Amino acid sequence: MEPFRFHLFVCTQQKPEGVPSCPASGSSAVFDALDRETQARGLNHHVQLTTCGCMGLCDEGPVMVVYPEGVWYRRVQPADVSEIVGTHLHDGKPVDRLVWNDAPAMKAMSLEHGEKFRAAMAAREKAGMLPDRLDQMIRGYMPSRCILTALELDIFTAVGDGANAEQIGTRVHANARAVGMLLNALVALGLLSKSGNDYRNQPESARFFVQGSQDNHRNGLLHTANIWHRWSTLTDAVRSGTRIPIGRDTPEWTRNFIAAMQRNAKERAPLVVKALGTAGVHRILDLGGGSGAYSIALAKACPDAQCEILDIPEVVPLAAEYVSQAGVSAQVSLRAGDMLQDDFGSGYDIIMLNAICHMFSEEQNRDIFRRARQALAANGRLVVQDFILNPDKTGPQQAALFSLNMLVATRDGASYSESEYTRWMEAAGFTGVCRINLPGPSDLIVGRVK
Ligand SMILES: C[S@@+](CC[C@H](N)C(=O)[O-])C[C@H]1O[C@@H](n2cnc3c(N)ncnc32)[C@H](O)[C@@H]1O
Ligand code: FES
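No experiment lies behind these values; they were computed from the predicted model shown.

So, how was this worked out
- Residues numbered from 1 in each chain as written.
- Chains lettered and ligands numbered in written order.
- Predicted model: local features only at pLDDT ≥ 70, side-chain atom pairs only at ≥ 80, totals over all residues.
- Pairing = 2+ DSSP bridges.
- Helix = DSSP H or I, 4+ residues; strand = E, 2+ residues; numbered from the N terminus.
- Axes fitted to C-alpha atoms, helices over the stretch in contact; angles between N-to-C directions.
- Near = placed C-beta within 6 Å.
- Nonpolar A, V, L, I, M, F, W, Y, C, P; charged D, E, K, R; others polar.
- Domains from an automatic or database assignment.
- Parallel < 35°, antiparallel > 145°, perpendicular 65-115°, else oblique.
- Contact = placed C-beta atoms within 7 Å.

Student: Describe the sheet that holds strand β10 (residues 332-336), naming the residues involved and giving the relevant values.
Tutor: Here we have seven strands laid out as an open sheet, ordered β10-β9-β8-β11-β12-β16-β15, and mixed in their pairing. Only two strands of the sheet have a single partner each, and these edge strands are β10 and β15 (431-436). Across the sheet, the mean angle from the axis of one strand to that of its neighbour is 15 degrees, orientation sign disregarded. Pairing geometry for strand β12 (residues 376-386) and strand β16 (residues 443-448), over six bridges, is antiparallel.

Here's what the structure looks like:
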């Protein structure tokens, strides 16, 4: 059975640096070009395009196979893609100059590769070498640190339309030799290109890291850079059981933090609004509303509704900016306060706790739930959105790692499981507590007042 007219497999098997592989010969660019070209020619309903692992023909990469006929192409480059799509996928005639049809040689090469690979693995195993997977995980901080430093120094903006290390060093007020080393590493990571002595941004860096670009994420990512410093205290935090103080949060820290929250929340807010529905929703309390993205989305979806954001005094003016920019100031009000102590008010149809509970201990969350129950109207709902751990708390990976993020960043925070949230909500008097799975890393737990 073949649901599509053609099924293309493009090898994108990653191998250690220096080992011949299809990605090293440019298979990812070939894959992207195939995707673009099949879309552009309206063939995407007839062509299934997938990546695949090593086929043992790595010296001849990038390798791709077109089924059901089983036409093998080798040394394909992005410049060949238009011809392959037009001649083969559209007109049904393979591009002879790229077809590899020496089956005995291909089979021999593939088998030989398999044997060599297994022998190399066995030798490494015998020698007690650290597996690549572990090595990469352990050194994962290097690329991360490199990009975060570039963001902190605003290197990508300084690269502009192209500049050399000395010019960039002057622009970011840093040592030219060291900047050159950083720039070279960024080229190695695929975020910059280099021609002669001049560096240029790659399309993704230009789009996401440069000031003035519409999709610039730099401010939000500077929060990740701040968190990186906290993660370096993890060993001591594990010893002591709580975060290690490394200085107070500055106004700049808070601005970056709220920018990071906004980046995530803007994308998730429509999912939450859709999951909750808008029927019977008139008054909403958004506890720790941050940038206000969820209140803004609800206000837009329910033009008659009034939302109230309660957040700490430093954040309220930042939220006010986002609310005003969204043009919903008449529907969204802001209150500076402390959700751990302040009276919530009464008569709400929804109280939201988006990315809040992980900052607090079990006791603090139970107390918030109890007070939220009192503040909700009949039939009102308490909505928790967070990373939800499996019952044994060992996954999903992101939730388990985020728990440590809370260890290094808060006094008592952690990720929690569905059964913990359910227990706390039921103890607070909520009924019909249920989990709503959302696309992405966090889900909703919703309890109702009956
Ligand atoms: C992780 S952010 C989540 C922001 C927002 N709900 C979102 O999902 O984008 C936590 C928010 O809670 C606020 N916050 C922390 N402690 C608080 C407290 N005791 N009272 C009120 N707000 C608090 C922070 O200022 C921040 O805006
Ligand atoms: S890496 Fe592509 S065939 Fe081996």
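Student: Hey, could you go over the site of ligand 1 for me, with residue numbers and the actual values?
Tutor: In the neighbourhood of ligand 1, 18 residues make up the surrounding shell, with Ala 265, Gly 288, Gly 290, Asn 354 and Ala 355 lying closest. Secondary structure elements with two or more residues in the shell around ligand 1: α12 (251-276) and β9 (306-311). Here the shell around ligand 1 is composed, by residue class, of 11 nonpolar, five polar and two charged.

Student: I'd like a description of the domain arrangement of the protein, backed by residues and values.
Tutor: For the protein, the assigned domains are domain 1 (6-108), domain 2 (140-222) and domain 3 (252-448). Of note, the centres of domain 1 and domain 3, computed from C-alpha atoms alone, are 47 Å apart.

Student: Tell me about the environment of Asp 35, and please be specific about residues and values.
Tutor: Relative to the assigned elements, Asp 35 resides in helix α1 (residues 27-40). When the C-alpha atoms of Asp 35 and Thr 50 are compared, they prove to be 9.6 Å apart, with 15 residues separating the residues in sequence.

Student: Any details on the sheet that holds strand β3 (residues 64-67)? Residues and values, ideally.
Tutor: Whether parallel or antiparallel, the strands of a sheet pair through hydrogen bonds between backbone atoms. Judged by pairing direction, the sheet is mixed, and its four strands sit side by side in the order β2-β1-β3-β4 without closing on themselves. The strands lining the two open edges of the sheet, one partner per strand, are β2 (47-52) and β4 (71-73). Adjacent strand axes in the sheet meet at a mean angle of 20 degrees when their direction is disregarded. By the bridge criterion, three bridges tie β3 to β4 in an arrangement that is antiparallel. The residue bridging Val 65 from the neighbouring strand is Trp 72, located in β4.

Student: Which residues make up the packing of helix α10 (residues 218-231) against helix α16 (residues 397-409), and what are the values?
Tutor: Orientation of α10 relative to α16, taken along the N-to-C sense of each, is 75 degrees, at an axis distance of 9 Å. Considering the angle they form, α10 stands roughly perpendicular to α16. Here Ile 227, Arg 230 and Trp 231 of α10 come into contact with α16, specifically with Asn 405, Val 408 and Ala 409. Considering only residue class, the contact of α10 with α16 consists of four nonpolar, one polar and one charged.

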